[in-house]
Amino acid sequence: RRCGAYVTAGRARFLIDTPPEMREACLEYGIDKVDAVVLTHAHMDHVAGFDDVRRFNTLNGGVPMRCFAMPETIEAMHRIFPYISNKPNEKGLFRPMINFVEDDAFAIGSVRVERVRVEHGFPCCGYLLSEDGVRLGYVSDCHELPDAAVDRFRGVDVMVLNCLREREHPTHLNLTRALDYVGRIAPRRAYFIHMCHDMSHAEYLRRLSGTCVEPAYDGLEIKLTEEEVVV
């Protein structure tokens, strides 16, 4: 499926991106609580499921939900979903009720989140998540990580990074370049996401053997503590 993440920490529950299969994933994995949404960018493979946020508005008592995104992404979301509002629909229709937030750094519950700009040929960002001494970097889409981004992610406990395929691509990292960035960031563990059909999961496992990197897969769960990283 297209990539997205569900983060839990204490009582906080939030989504990173809302891909087209978001509803399907929520049903399959029993996700029934979402406090906020964090968006990387407004390409459809990352936001097409956003309409289903309205169900979580209802589960949360009919109150608007915070959605954190870059100004360019917020502008695009209003174009894609012109009916989004932070007030109930006057006709009683279900619509996503959202309070968009542009802040570059913010907190969701106990999780500190920092936006990190990346190069994707389109306004895009990754995120650095921190809580209780552990840090996770998340970059779903890019063809280049600026030096400032590498510095922010350096030494994270887990780095989640896009790796589209082995061949070069104009807007995504290929295998060689993704591994180079992992080497510069030096995480304890890394996962590649946003992979296309060119290589199988088994081939990725073979090619990544002996590194700190594994290919991600649907339903992957990672538990982070200060002492260890548990898959």
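Residues numbered from 1 in each chain as written. Predicted model: local features only at pLDDT ≥ 70, side-chain atom pairs only at ≥ 80, totals over all residues. Heavy atoms only, no water.

*Asks:* Looking at this structure, I do not really get the sheet that holds strand β7 (residues 111-117). What am I missing?
*Replies:* The strands that make up a sheet are held in pairs by hydrogen bonds between backbone atoms, and each pair lies either parallel or antiparallel. Taken together, the seven strands give an open sheet; going across it, the order is β6-β7-β8-β9-β10-β11-β12, and neighbouring strands pair in mixed fashion. If you trace the sheet from one side to the other, it starts and ends with β6 (105-108) and β12 (213-215), each paired once. Direction aside, the axes of adjacent strands within the sheet are offset by 20 degrees on average. Relative to strand β8 (residues 125-131), β7 runs antiparallel, the two being bridged by six bridges. By the bridge assignment for β8, Val 116 is matched with Gly 126. (Pairing = 2+ DSSP bridges. Helix = DSSP H or I, 4+ residues; strand = E, 2+ residues; numbered from the N terminus. Axes fitted to C-alpha atoms, helices over the stretch in contact; angles between N-to-C directions.)

*Asks:* Please clarify how the packing of aromatic side chains should be interpreted in this entry.
*Replies:* Two descriptors summarise a pair of aromatic rings, namely the distance from one centre to the other and the angle between the planes of the rings. The tally for this structure, following the rule as stated, stands at five aromatic pairs. Note on Phe 50 and Phe 81: the rings are 5.9 Å apart at their centroids and 40 degrees apart in plane angle, and the pair reads as tilted. Of this pair, Phe 50 sits in the loop between α2 (44-47) and α3 (53-59) while Phe 81 sits in the loop between α4 (71-80) and β5 (98-101), placing them 31 residues apart in sequence. Take Phe 50 and Phe 81: they sit in the same class, and that class is buried. Site record: aromatic cluster; members linked through ring pairs are Phe 50, Phe 81, Tyr 83 and Phe 100. Sitting over the face of the ring of Tyr 83, Arg 95 holds its NZ or CZ atom 5.3 Å from the ring centroid. (Phe/Tyr/Trp six-rings, centres within 6.5 Å; stacked < 30°, edge-to-face > 60°. Buried < 20%, exposed > 50% of the residue type's maximum accessible area, 1.4 Å probe, protein only. Lys NZ or Arg CZ within 6 Å of the ring centre and 35° of its normal.)

*Asks:* Is there a simple way to explain the pairing of β7 in this structure?
*Replies:* Along any regular strand the residues' side chains alternate between the sheet's two faces. With four bridges joining them, β6 and β7 adopt antiparallel strand pairing. Within β7, the residue paired with Ala 105 across the bridge is Glu 114. Connecting β6 to the antiparallel partner β7 that follows it, the hairpin turn spans two residues, and Gly 109 within it adopts a positive phi of roughly 60 degrees.

*Asks:* Can you help me understand the pattern of salt bridges in this one?
*Replies:* Where side chains of opposite charge bring their charged atoms close, a pairing between them can arise. This model, assessed by the stated rule, comprises 18 salt bridges. The partner of Asp 51 in a salt bridge is Arg 54, with the nearest N and O atoms 3.0 Å apart. Here Asp 51 falls in the buried class, since its relative accessible area comes to 18%. A relative accessible area of 29% places Arg 54 in the partly exposed class. Two residues, Glu 166 and Arg 207, come together in a salt bridge whose shortest N-O distance is 2.5 Å. Here Glu 166, found in the loop between β10 (158-162) and α6 (175-185), pairs with Arg 207, found in helix α7 (residues 201-207); they are 41 residues apart in sequence, far enough to count as distant. On the basis of relative accessibility, which here comes to 38%, the residue Glu 166 falls in the partly exposed class. Within this structure, Arg 1, Glu 24, Glu 28 and Asp 218 form a network of salt bridges that share partners. (Salt bridge = Lys/Arg side-chain N within 4 Å of Asp/Glu carboxyl O.)

*Asks:* In this structure, what is going on with the sheet that holds strand β1 (residues 5-9)? I would like to understand it.
*Replies:* Ordered in space as β1-β2-β3-β4-β5, the five strands form an open sheet in which the pairing is mixed. The two strands at the open ends of the sheet, each matched to only one other strand, are β1 and β5. Between one strand and the next, the sheet's axes are offset by a mean angle of 25 degrees, whatever the strand orientation. Sheet topology note: the strand β4 (residues 65-68)/β5 ladder contains four bridges and is parallel. Its bridge partner lying in β5, Arg 66 is registered against Asn 99.

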